[in-house]
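# Reading the structure
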Amino acid sequence: MTRVAIVGAGIGGLTTAIALRSFGFEAAIYEAAPALAPVGAGIWVPPNAMQVLAALGAREAVAAAGVRIDRVQIRTIEGTVLQELDAAAARERYGEPIISILRTRLVEALAARLPGHLVQPGKRCLGATHDQEGVTLRFDDGSEARADLVVAADGIHSALRNSLFGPTSLRYAGQTCYRGIARMASGELGHTCAETWGTRCRIGYSAVGPDEVYWFAPVSSPAGTRLDPVRVKAQLLDMYAAFPHPVRLMLSETPTDRIIQTDLHDFAPLPRWSTGHIVLLGDAAHAMTPNLGQGGAQAIEDAWVLASELARQDWRGALEAYEAARKPRTSWVAAAARRIGQIAHLENPLAQGLRNALMTRTPASIQRRHVQRLFSAEHLDLPTTAPAT
Ligand SMILES: Cc1cc2nc3c(=O)[nH]c(=O)nc-3n(C[C@H](O)[C@H](O)[C@H](O)COP(=O)(O)OP(=O)(O)OC[C@H]3O[C@@H](n4cnc5c(N)ncnc54)[C@H](O)[C@@H]3O)c2cc1C
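All chains use their own residue numbering, which begins from 1 and follows the written sequence. In keeping with the model being predicted, local features are shown solely for residues with a pLDDT of at least 70 and side-chain atom pairs are shown and tallied solely at 80 or more, while totals for entire chains, interfaces and linings include all residues. To obtain the side-chain values, all non-hydrogen atoms of the structure were included, while hydrogens and water were left out.

This part is about empty space enclosed by the protein. Cavities and pockets were defined on a 1 Å grid built from protein atoms only: a cavity is a group of points that admits a 1.4 Å probe but offers it no way out, a pocket is an open group of points flanked by protein on both sides within 12 Å along at least five of seven lines, and a lining residue is one with an atom within 4 Å of any such point. Grid points are joined across faces, edges and corners, and a volume is the space filled by probe spheres set on the points. Under the definition given, this model contains one cavity of 30 Å³ or more. What lines the largest cavity is simply Ala173, Gln175, Leu264, Thr289, Asn291, Arg338, Gly341 and Gln342. Numbering goes from the N terminus for both helices and strands, where a helix is a DSSP run of H or I of at least four residues and a strand is a run of E of at least two. Of all the secondary structure elements, the ones that give two or more residues to the lining of the largest cavity are strand E13 (171-183) and helix H11 (315-344). Looking at which element gives the most residues to the lining of the largest cavity, the answer is H11, with three residues.

What follows is the structure, encoded as structure tokens:
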């Protein structure tokens, strides 16, 4: 197998190209957008993903472009801590931290590991035809590209997935999510990532730089609900009026035209991830709700597994091994993320009270097991790298 084409230069597509290069394969990436400008404000890169990035030589650049998180707290509006993760201890255990980073900086750090000519922007893939030898991709500018293997990393709405397997039914999570970057001194937040739960809305935030705070705010609402784009900030300030400092300050310090909104969706595990010479990766294969901060991390894990299997065996066997390794894990993470989203937005006060009591009393051993399952990269068979300093 010589020519690999990747459709989509998001976190999954870029990491796949880097991983393939580390095993001696050169892959061209076709990206619909005219330039690499990821949608979304910030992102948390957890230790499982950082371990893969360390193996691919991207750890230092990503860590330097973001902020290390030492503590993650879920709190009520009144300030009760429902759950706390000692991320500094997790870093000791897994060798890598959680990094809070602007999406643009993460994508830049990944793209910097690839020769510029490999990424071709302005190429929206419309579909693919496959034959015995490989695949022909068709783009919206009328051009075509030929490849022996195609990795469809074109996100939750994947045109390739829908054209090959039929339309996927997305499941709306019942929540729409507002996101932004507040231009404010982030010193008081330190290295803490906080999430505060209200009744129909919650908000999570952390520093992404000395003068930048990333926040994301899921709100229970019917699918397709849109706030007035001119008044969105004022409306969010109303919704979050009862939330403690610094929530209102963060919302106030975010430029209105930079507040983005995404309805939260996932989909049920797909029966298959590949057909012929085409394989799905990242959100195209297993989009999940963001409640565990793992969607991008799972795309990064996918990239490593796919590339290492391709290096190990013929492409048919590699695609089978990749799907067999990745499907159970991503299905588990997606289900767990969906459950947390539902629990976080309970509206009945009795149910909320019970939830809060259970969360504050969760034995440390159960929490440790859950964290171990998320953050450990033992299943990835990564080469040993020097731990982060
Ligand atoms: C509110 C929110 C918060 C999140 N927070 C986190 C977090 O903290 N941590 C975490 O790990 N994950 C998080 N995620 C999930 C994460 O954003 C996704 O899982 C991740 O971006 C998936 O990467 P991807 O490369 O598979 O897809 P995408 O990031 O969607 O990239 C797909 C790329 O393909 C391109 N493309 C699309 N169609 C075509 C086409 N037809 N032809 C060519 N190119 C195309 C797109 O332009 C894009 O560049 C969050 C998600 C949301 C919605």
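Attention shifts here to the site of the ligand. Throughout, near means a residue has at least one heavy atom within 4 Å of the molecule or strand. Taken together, 29 residues surround the ligand, and among them Gly12, Glu31, Arg103, Cys125 and Asp283 come closest. When the ligand is considered free in solution it has 1000 Å² of accessible area, and contact with the protein chains removes 84% of it. Where the shell around the ligand is concerned, the elements lending two or more residues are helix H1 (11-22), strand E3 (42-45), E13 and helix H10 (295-312). The biggest single contributor to the shell around the ligand is H10, with three residues. Across the shell around the ligand, the residue classes break down as 13 nonpolar, nine polar and seven charged. Throughout, the Shrake-Rupley method with a 1.4 Å probe supplies accessible areas, and for residues the shown protein chains are the sole cover considered. All amino acids are sorted into three groups, where Ala, Val, Leu, Ile, Met, Phe, Trp, Tyr, Cys and Pro are nonpolar, Asp, Glu, Lys and Arg are charged, and the leftover types, Gly among them, are polar.

Each salt bridge in this description consists of a side-chain nitrogen of Lys or Arg and a carboxyl oxygen of Asp or Glu lying within 4 Å of one another. One pass over the full model with this rule turns up 21 salt bridges. Of the charged contacts, one joins Arg68 and Asp70 as a salt bridge, the two residues approaching to 2.7 Å between their closest N and O atoms. Here Asp70 falls in the partly exposed class, since its relative accessible area comes to 22%. Where Arg326 meets Glu301, a salt bridge forms, and the shortest distance between an N and an O atom there is 2.8 Å. Taken together, the residues span a long stretch of sequence, with Arg326 in helix H11 and Glu301 in helix H10 at a distance of 25 residues. Throughout this description, buried means an accessible area under 20% of the type-specific maximum (1.4 Å probe, protein chains only), exposed means over 50%, and partly exposed covers the range between.

Let us now look at H11. Given a rise of 1.5 Å per residue, 30 residues ought to cover 44 Å, and the 42 Å separating the end C-alpha atoms of H11 matches this to within 8%. Any pair of N or O atoms that falls within 3.5 Å is considered a polar contact. Within protein, one atom must be able to donate a hydrogen and the other to accept it, and sequence-neighbouring residues count only if both atoms are side-chain atoms. Two or three places before Arg316, at the opening of H11, Asp314 has a side-chain oxygen 3.0 Å from that residue's backbone nitrogen. Between the first and last residue of a helix there are one fewer steps than residues, each counted as 1.5 Å, and that sum is the expected span.

Turning next to the packing of helix H4 (residues 87-94) against helix H13 (residues 364-375). Between the N-to-C directions of two axes lies an angle of 0 to 180 degrees, each axis being a line fitted to C-alpha atoms and, for a helix, fitted only over the stretch in contact. Their axes nearest at 12 Å, the elements H4 and H13 cross at an angle of 55 degrees. Regarding the angle of H4 to H13, the classification is oblique. Remark: the crossing between H4 and H13 carries right-handed chirality. Seen from H4, the contacting residues are Ala90, Arg93 and Tyr94; seen from H13, they are Arg368, Val371, Gln372 and Phe375. By residue class, the composition of the contact of H4 with H13 is four nonpolar, one polar and two charged. Any angle from 65 to 115 degrees is called roughly perpendicular, while one under 35 is roughly parallel, one over 145 is roughly antiparallel, and all others are oblique. Working rule for handedness: look at the near helix, and if it is turned counterclockwise from the far one by less than a right angle, call the crossing left-handed; if clockwise, right-handed. Here, two residues are considered to be in contact whenever any of their heavy atoms come within 4.5 Å of each other.

So, to be careful, I would describe these as geometric facts and stop short of saying anything about function.
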